[in-house]
Amino acid sequence: MKVVLRVLAGPAGALLLAFVLAAVAMLIAGVSPLDGFGALFSGSLGGRRPIAETLVQTTALLFPALGVSLAFRAGLFNIGAEGQLLMGGLFAGAVGAHFAGPGWLVIPVLLLLGMVGGGIWGGIAGWLRARFNASEIISTLMLNFIALSLAGYLVAGPLKSPLASGAETAPLLPSGWLPAFPTIGSLSFGDTRLTISILIAIATAAVLSFIFTRTVFGYELRAAGEAPEAARRSGINMPRMTLIALALSGAVAGLGGAAIVTGVLHRFNTALSPGYGYTAIAVALVGDLNPLWVCVAAFGFGILEAGGLAMQANAGVPKDAIHVIEGLIVLVLAARRYFATRATGAPV
Amino acid sequence: MSTGVSLMLTLLFLTLIKSVPIVYAALGGVISERAGVVNIGLEGMMTAGAFSAVVFTNLTGSPIIGLIAGLFFGAVLGFVLGFAATFFKVDQIVAGVGINLVALGGAAYGLVLIFNQPGASPQVTQLAPEQLLPQITVAETAMIVLGLLCAFGLSWFIYRTPWGLRIQACGENPRAVTDAGLNPLRLRLYAVVASGALAGLGGAFLSICEVNLYSDGMTAGRGFIALAAVIFGRWTPWGATGAAVFFGFFEALQYVLQGRISWLPSDAMQALPYLAALFAIAGLVGRVRAPAADGVPY
Amino acid sequence: MHQHFELVRRLRVWQNIMLGREPRKGMLVDVDGARSRVAELAERNGLAIDPDALVEELPIGVQQRVELLRELEREPSVLLLDEPTAALAPAEIATLFATVVQLAKRGTAILVVTHKLQEVIDYTTRVSVMRHGKIVARYLTTETSTDEIARAMVGGELPQVAQREATGTQPCLSVRDLSAGVDTTTVSDLSFEVSAGEIVGIAGVEGNGQTALADAIAGMIPYTGAIELDGSADALKHRENIGIVPQDRHHEGLVLNWSIVENAILGRQNLPGIRKGALTNWAAARADAEAIIERFDVRAASADVAVRTLSGGNQQKLLVGRALLGDPRFVLAYQPTRGIDVGAAALVQSRLIEARNRGSAILLISFELDEILALADRVLVMFRGKITGSFSGADIDRGKIGRLMAGLT
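Residues numbered from 1 in each chain as written. Chains lettered and ligands numbered in written order. Predicted model: local features only at pLDDT ≥ 70, side-chain atom pairs only at ≥ 80, totals over all residues. Heavy atoms only, no water.

1. A few points about the packing of aromatic side chains
Reasoning step 1: The full count for this structure, using the stated rule, is 20 aromatic pairs over all chains.
Reasoning step 2: Ring centres of Phe97 of chain C and Tyr123 of chain C lie 4.2 Å apart, and the angle between their planes is 5 degrees; on these two criteria the pair is classed as stacked. With Phe97 of chain C in helix α4 (residues 90-105) and Tyr123 of chain C in helix α5 (residues 117-123), this pair connects stretches of sequence that are 26 residues apart.
Reasoning step 3: For Tyr123 of chain C, a relative accessible area of 30% translates into the label partly exposed.
Reasoning step 4: One aromatic cluster is present, built from ring pairs that chain together Phe232, Phe246, Phe247, Phe249 and Phe250 of chain B.
Reasoning step 5: A cation over an aromatic ring shows up here: Arg166 of chain B above the ring of Trp163 of chain B, its NZ or CZ 4.8 Å from the ring centre.
Reasoning step 6: Cation over ring: Arg351 of chain C sits above Phe296 of chain C, and NZ or CZ is 5.7 Å from the ring centre. (Phe/Tyr/Trp six-rings, centres within 6.5 Å; stacked < 30°, edge-to-face > 60°. Helix = DSSP H or I, 4+ residues; strand = E, 2+ residues; numbered from the N terminus. Buried < 20%, exposed > 50% of the residue type's maximum accessible area, 1.4 Å probe, protein only. Lys NZ or Arg CZ within 6 Å of the ring centre and 35° of its normal.)

What follows is the structure, encoded as structure tokens:
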């Protein structure tokens, strides 16, 4: 009984709850949960194309969720993955529009630029916290809005493609496009939006997992998050750790922005993220801030995101119901204590 | 009247109007944080207020009832956060993020369910839209006055009444409150409910006083700016009110400057209030002290 | 009344005392009424206090008074005092108990929880001994002795503390003209030395600058003056040379959610044996953890259990074991036996003496005069951030030290 309760209190319970709530949301919309779930699952897992789309959404959530996990593990509430994602995409898109060269050069450079863009955005919050003890919660939130204004201004002005009608950069040259997901047996993904970016995301998770468990840096980062005062006394330079952790966290989210630009949009515009950076917080928490479980959680949320559209189209349940469910999952999961103390944090 | 003077007047009135929702939310932030709960969910509570005000105005035809509904649903979300943050010992920041997701998603979901149109609601009756002065309506004036009364009342409540003293003690050292034979969790819950009610009122102002509809994302981070105002105002009612007006000024400035400075496009100027908030919290290095138990579950 | 003060530091004295029972005038707090009520209460109990003072600006001894007044305001029929003298000088202890004894005479039942046996003998009428959550013995105070109580506390004979051996007198740690700290806890112009193979005890009541001294030596706060290890300020920054037992094991010393293995290398994570390139050598960390568990008798199911699940005594043994690992040149032990049972305390004290015998220089900061007298070769008395007395060998005089701790001469 106790074991059952513990499992229910954890991520598994959250997922179960998600389905119950989804059923409620469908009932409110006057749709039989059977039809609703049918549409949700056939739209996300029912065939090659839906699965590919689910994996595209998984990837889009996975990068920012990994970034959020890293910051949370360091005891820093990075709520700015949305802005960091946008800045990563902006950097990649701005340069990618004019960068001609072989794919093996262009793609890595664009992804790296994404990390730089997101890293700068996270780093600003880190610097403000390290230097001025300014709450990273508020600064990352403010930076989300500032990123949106900045990107909106740039794509409507200096970076606007003269050929496009809307506000967006010129398209990337095809050499900057991420290759399609490799063909498995007779299964080809060439006609879907699925690219190798899902593999890059999973590799990133593996690297982060290695950093957390095997390296001295990861040890110090976790110490800083678990017990800030003990960490400080163990010789860790806390302001430096704050700066590095938030910059790295932003870089991982920014990499995700670049992956969307090079893999899906092939250009940059501010519609790059319909709120992936916020949903990513839910993903990170469901994944217990553990990179490998975050991958699993991202897949679960990928199903919701991809299936939500199908549910709206085929069963008439507004896709925004999905976001209500995500929020409720966060609320429930928050009942677990992630941090020993926040007494030493910046004023919020 | 010269253009300069009329421009200054526009800026003044616009500052007053743009400050109102931030003032309400910031006062909500003060009461909640003084009791020891960081309310990241202010944004969501404003959203709930804005949306429910429109729904109930549409339902009843009376914007006054809409206003009350805004207050009520803000308080409901406050209750959810308060309950989670006290009796469930939830991490307050994470719970606040959850509240925001629920409110924003719920409003979007509700638009489709209730009005069958995504993005924005149909127009409803605006609250007392008669012009009192050239730039400002009766409702806006009333809400400005009410906001000042709230600041006055909160200040009076916190510093002069027994309940205020207990709330302060809750935010500094809840154990002392337990020792005095009171339940700090219940006090915190009440404070967060009040916080949500104030934020809901601020949200309702946005949708049925300033305009006459709800649109997705209309709170635009004002709840977060209000949090910065709480810090900038050093956790005092009047300080937070002043800080909210300061940030409101930058929002007004952005509207006034739009199209007047050729090299600074409107997209970039939208960042003004957020930049102001960012600079404000960074500029307080070493000079502010939050309530000692602020954000710490008990 | 609690060992750790449950006061609201940023409120005034009267606000603290009247919290929850505020006199009212209409809807408002009757401030004047509250003030005069507090003044009258203080007067009646002989505890002088300024009702309008901010609690955080008061010395610890006076804060204790506020705490006591707060309890007395309720005119309780039963008063529970949990380690009430932990932060008081001997003279203040006498004053406190004078008040308490008066209360008892007026009919209040008083329950004192303390580990200071002398207080039990001096002021109580009956005594119960608790061990592992059970009452194991009851005595009338007039019919028992500190020895008998101590034996009941450990459930047998007291463990023998290790014997001191002769050691050299080569200076190891030297502190010159040290000034550090902020606000109420500062030290100024401190100068002293600790030799290899010597335990120097800092005697003093809590809040007289001990924390500032410890933090300065640990490199946690800025300071002026010089702190050198073997003549070099740099040597102090090398973690292999020093072992530190911080005052607060929960916040400053351990990561409670981590395993013993992970905690065994906290502070040592960059030492050559533990760090291999960018990686952590977990095999070495595990070996260290096993060594600590073995030598310090840390009772745990395995080295992989979370430290949170250990008892306070076992946590403290882990903390001291980590600090003494590899026989560092210098050891800073701040309240090394705080809040742990007599058996664990004896073991910790033995290991400190053994480290001394092997040539470590040890600076022992403790608020327990008994502990200082039991362990130290030399005693320095700290009062208001200055060293006001120095005693060694046969000159160590309990009475004189006690008076200096209270600021008397």
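There's plenty left to go through after this.
2. Here we look at the domain arrangement of chain C
All names here are of chain C.
Reasoning step 1: What the domain assignment reports for chain C is domain 1 (13-114) and domain 2 (171-254 + 311-405).
Reasoning step 2: Computed from C-alpha coordinates alone, the two centres of domain 1 and domain 2 are separated by 33 Å.
Reasoning step 3: With 6 residues of domain 1 at the interface, the matching set in domain 2 holds 6 residues.
Reasoning step 4: Across the domain 1/domain 2 interface, buried area totals approximately 440 Å², and carbon plus sulfur atoms make up 72% of it. (Domains from an automatic or database assignment. Contact = heavy atoms within 4.5 Å. Buried area = accessible area lost by both parts, 1.4 Å probe.)

3. Section: unusual backbone geometry
Residue and element names in this part refer to chain C.
Reasoning step 1: Its identity as a non-glycine residue notwithstanding, Asp297 has a phi of 55 degrees, on the positive side.
Reasoning step 2: Within the secondary structure, Asp297 is located in the loop between α10 (282-295) and α11 (312-324).
Reasoning step 3: If you check the backbone angles, Gln335 has positive phi at about 50 degrees while not being a glycine.
Reasoning step 4: When its relative accessible area of 8% is taken as the criterion, Gln335 is described as buried.

4. Here we look at the interface of chain A and chain C
Reasoning step 1: Between chain A and chain C, the residue contacts involve 19 residues of the former and 21 residues of the latter.
Reasoning step 2: Buried surface at the junction of chain A and chain C, summed over both partners, amounts to about 1,900 Å²; 53% is from carbon and sulfur atoms.
Reasoning step 3: On the chain A side of the contact with chain C, Val216, Tyr219 and Arg233 of chain A bury the most area, a combined 38% of that side's loss.
Reasoning step 4: At the boundary of chain A with chain C, the tally comes to 3 salt bridges.
Reasoning step 5: The partner of Arg233 of chain A in a salt bridge is Asp215 of chain C, with the nearest N and O atoms 3.0 Å apart.
Reasoning step 6: In this assembly, chain A and chain C are joined by 15 residue pairs in polar contact (both at pLDDT 80 or more).
Reasoning step 7: For the side of chain A that touches chain C, the secondary structure elements donating two or more residues are α8 (197-214), α9 (216-226) and α10 (228-233) of chain A.
Reasoning step 8: Take the side of chain A that touches chain C: its biggest share by element is 7 residues, from α9 of chain A. (Salt bridge = Lys/Arg side-chain N within 4 Å of Asp/Glu carboxyl O. Polar contact = N/O pair within 3.5 Å; in protein donor to acceptor, adjacent residues only side chain to side chain.)

5. Re the packing of helix α7 (residues 136-156) of chain A against helix α9 (residues 222-232) of chain B
Reasoning step 1: α9 of chain B packs onto α7 of chain A with a crossing angle of 140 degrees between their chain directions and a minimal axis gap of 10 Å. Between α7 of chain A and α9 of chain B, the angle falls in the class oblique. The element α7 of chain A and its partner α9 of chain B pack so that their crossing is left-handed. On α9 of chain B, the residues touching Ile138, Leu141, Met142 and Phe145 of chain A of α7 of chain A are Phe224, Ile225, Leu227, Ala228 and Ile231 of chain B. (Axes fitted to C-alpha atoms, helices over the stretch in contact; angles between N-to-C directions. Parallel < 35°, antiparallel > 145°, perpendicular 65-115°, else oblique. Left-handed = near helix turned anticlockwise from the far one by under 90°.)

6. A closer look at the interface of chain A and chain B
Reasoning step 1: Contact with chain A, which involves 45 residues of that partner, is made by 47 residues of chain B.
Reasoning step 2: Counting each side, the surface lost to burial between chain A and chain B is near 3,800 Å², with a carbon and sulfur contribution of 82%.
Reasoning step 3: Taken together, chain A and chain B are joined by 0 salt bridges.
Reasoning step 4: Here chain A and chain B share 1 residue pair in polar contact (both at pLDDT 80 or more) between them.
Reasoning step 5: Residue composition of the side of chain A that touches chain B, by class: 34 nonpolar, 6 polar and 5 charged. (Nonpolar A, V, L, I, M, F, W, Y, C, P; charged D, E, K, R; others polar.)

7. A closer look at the side chain of Glu251 of chain B
Residue and element names in this part refer to chain B.
Reasoning step 1: With respect to the helices and strands, Glu251 occurs in helix α10 (residues 237-257).
Reasoning step 2: On the accessibility criterion, Glu251 (6% relative accessible area) is buried.
Reasoning step 3: Side-chain polar atoms of Glu251 contact the side chain of Arg222, separated by 2.6 Å.
Reasoning step 4: In contact with Glu251, other than residues within four places in its own chain, are Lys18, Ile22, Arg222 and Pro273.

8. Structural notes on α4 of chain C
Residues and elements named next belong to chain C.
Reasoning step 1: Taking 1.5 Å as the rise per residue, α4 with 16 residues should run 22 Å; its terminal C-alpha atoms sit 23 Å apart, in good agreement.
Reasoning step 2: Residues of α4 that are buried make contact with α2 (31-45), α3 (60-73), β3 (78-82), β4 (109-113) and α5.
Reasoning step 3: Where α4 terminates, the next one or two residues include Gly107, which has phi positive at roughly 110 degrees. (Expected span 1.5 Å × (residues − 1).)

9. Some words on the sheet that holds strand β11 (residues 242-245) of chain C
Residues and elements named next belong to chain C.
Reasoning step 1: Spatially, β11-β14-β15-β9-β16-β17 is the arrangement adopted by the 6 strands of the open sheet, whose pairing is mixed. Either end of the sheet is taken by a strand with one partner, and the two such strands are β11 and β17 (386-392). Put simply, the sheet's adjacent strands are angled 15 degrees from each other on average, direction ignored.
Reasoning step 2: Of the pairings in the sheet, the one linking strand β9 (residues 199-203) to strand β15 (residues 361-366) comprises 5 bridges and is parallel in character. Opposite Gly201, over in β15, you have Leu364 as the bridge partner.
Reasoning step 3: Strand contacts of helix α14 (residues 398-405): β9, β16 (378-383) and β17, with the helix running at about 25 degrees to β16, the strand carrying the most contacts. (Pairing = 2+ DSSP bridges.)

10. Topic: the packing of α10 of chain B against helix α12 (residues 272-282) of chain B
If you want to describe how two helices pack, look at the angle between their axes and the distance between the axes.
All names here are of chain B.
Reasoning step 1: Where α10 contacts α12, the axes come no closer than 8 Å and their chain directions differ by 150 degrees. Taken as axis vectors, α10 and α12 run roughly antiparallel relative to one another. As α10 runs across α12, the sense of the crossing is right-handed. Residues Phe247, Phe250, Glu251, Leu253 and Gln254 of α10 touch α12, and the partners they reach there are Leu272, Pro273, Ala276, Ala277 and Ala280.
Reasoning step 2: The residue makeup of the contact of α10 with α12, split by class, is 8 nonpolar, 1 polar and 1 charged.

11. A few points about the confidence of the model for chain C
Residue and element names in this part refer to chain C.
Reasoning step 1: Mean pLDDT over chain C stands at 88; residues scoring 70 or higher make up 98%.
Reasoning step 2: Helix α9 (residues 260-264) holds the highest mean pLDDT among the elements of chain C, 97, whereas α4 holds the lowest, 82.
Reasoning step 3: Complex prediction metrics read pTM 0.91 and ipTM 0.92. (pLDDT = per-residue confidence, 0-100.)

12. Brief notes about the pairing of β17 of chain C
Residues and elements named next belong to chain C.
Reasoning step 1: Sheet analysis places β16 next to β17, joined by 6 bridges and oriented antiparallel. Opposite Leu380, over in β17, you have Ser390 as the bridge partner.
Reasoning step 2: Counted between consecutive antiparallel strands, the loop separating β16 from β17 contains 2 residues, among which Arg384 sits at a positive phi close to 50 degrees.

13. Re the pattern of salt bridges
Reasoning step 1: Here the structure, examined in full by the defined rule, presents 36 salt bridges over all chains.
Reasoning step 2: Arg358 of chain C serves as the salt-bridge partner of Asp327 of chain C, at 2.9 Å between the closest nitrogen and oxygen. Of this pair, Asp327 of chain C sits in the loop between α11 and β14 (330-334) while Arg358 of chain C sits in the loop between α12 (342-357) and β15, and the two are 31 residues apart along the sequence.
Reasoning step 3: Judged by relative accessible area, which is 37%, Asp327 of chain C ranks as partly exposed.
Reasoning step 4: You can call Arg358 of chain C partly exposed: its relative accessible area is 44%.
Reasoning step 5: Within this structure, Glu229, Arg232 and Arg233 of chain A together with Asp215 and Glu252 of chain C form a network of salt bridges that share partners.

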